[in-house]
Amino acid sequence: MTDNELLSLRNLGKTSVQWLRATGIHTTEELRRRGPVAAYCAVRSRGFGASRTLLFAIAGALQDVHWNQLDPVYKQQLLQQLEEQQKQ
């Protein structure tokens, strides 16, 4: 696919796509393979000041829904996974 593949996903803008590319994520498949939590953690570990909104934006992008429309239970699961990931 083209280099703009990630830009075509819902919720992801130029800056967030640049951050993802800086972590080695260039395609939707790579993003899906890593998953929202790992992708978000990779962005944060590179020193980018991404808020947790990026976590939800990535999750929404993979489901093709606006991040505000994600199921609240799923959002809580993502936060729990993030907490577990950060403890490691």
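A brief report on the enclosed structure follows. (Residues numbered from 1 in each chain as written. Predicted model: local features only at pLDDT ≥ 70, side-chain atom pairs only at ≥ 80, totals over all residues. Heavy atoms only, no water.)

If you tally the helices and strands in the chain, you get four helices and zero strands. Against the compact-globule benchmark of 12 Å for 88 residues, the chain has a radius of gyration of 12 Å, which places it among compact chains. Taken over 88 residues, the chain has a buried fraction of 39%. A separation threshold of at least 6 residues defines the contact pool for the chain, and within that pool the share at least 24 residues apart is 41%. Of the roughly 5,300 Å² of accessible surface on the chain, 45% is carried by carbon and sulfur atoms. Separation between the mean location of the 11 positive side-chain charges and that of the 8 negative ones in the chain comes to 7 Å. (Helix = DSSP H or I, 4+ residues; strand = E, 2+ residues; numbered from the N terminus. Rg over C-alpha atoms; globule rule 2.2 N^0.38 Å. Buried < 20%, exposed > 50% of the residue type's maximum accessible area, 1.4 Å probe, protein only. Contact = heavy atoms within 4.5 Å. Areas by Shrake-Rupley, 256 points an atom, 1.4 Å probe, with all protein chains shown as cover. Lys, Arg positive; Asp, Glu negative; His and termini not counted. Charge placed at Lys NZ, Arg CZ, Asp CG, Glu CD.)

We now examine the packing of aromatic side chains. Tallying each qualifying case throughout the model produces one aromatic pair. It is K75 that lies over the ring of F56; its NZ or CZ is 5.1 Å from the centre. (Phe/Tyr/Trp six-rings, centres within 6.5 Å; stacked < 30°, edge-to-face > 60°. Lys NZ or Arg CZ within 6 Å of the ring centre and 35° of its normal.)

This part covers the environment of P36. Within the element layout of this structure, P36 appears in helix 2 (residues 28-45). Given a relative accessible area of 12%, P36 falls into the buried group. Along the chain, P36 and Q81 lie 45 residues apart, while their C-alpha atoms are 9.8 Å from each other. Excluding residues that lie within four positions of it along the chain, P36 makes contacts with L55, I58, A59, L62, Y74 and L78.

What follows is about the nonpolar core. Soluble, globular proteins show a tendency: their nonpolar side chains are buried together. Of all hydrophobic cores here, the largest spans 25 residues; its most connected members are L6, L12, L20, L31, L54, L55 and I58. Secondary structure elements with two or more residues in this core: helix 1 (14-22), helix 2, helix 3 (52-63) and helix 4 (72-87). When residues of this core are assigned to their parent elements, the largest contribution, eight residues, is made by helix 3. Among residues more than four places away in sequence, those in contact with L54 are S16, W19, Y40 and V43. (Core = buried A, V, L, I, M, F, W, Y, C linked by side-chain atoms within 4.5 Å.)

So, on to the side chain of T28. Counting through the fold element by element, T28 comes out in helix 2. Not counting residues within four places of it along the chain, the set of residues in contact with T28 comprises E5, L6, L9 and L62.

On to the pattern of salt bridges, then. Within this structure, the stated rule accounts for three salt bridges. With a shortest N-O distance of 3.9 Å, R33 and E29 are connected by a salt bridge. With a gap of four residues between them, R33 and E29 both fall in helix 2, about one helical turn apart. (Salt bridge = Lys/Arg side-chain N within 4 Å of Asp/Glu carboxyl O.)

It is worth stressing that arrangement in space is one thing and function is another; only the former is reported here.
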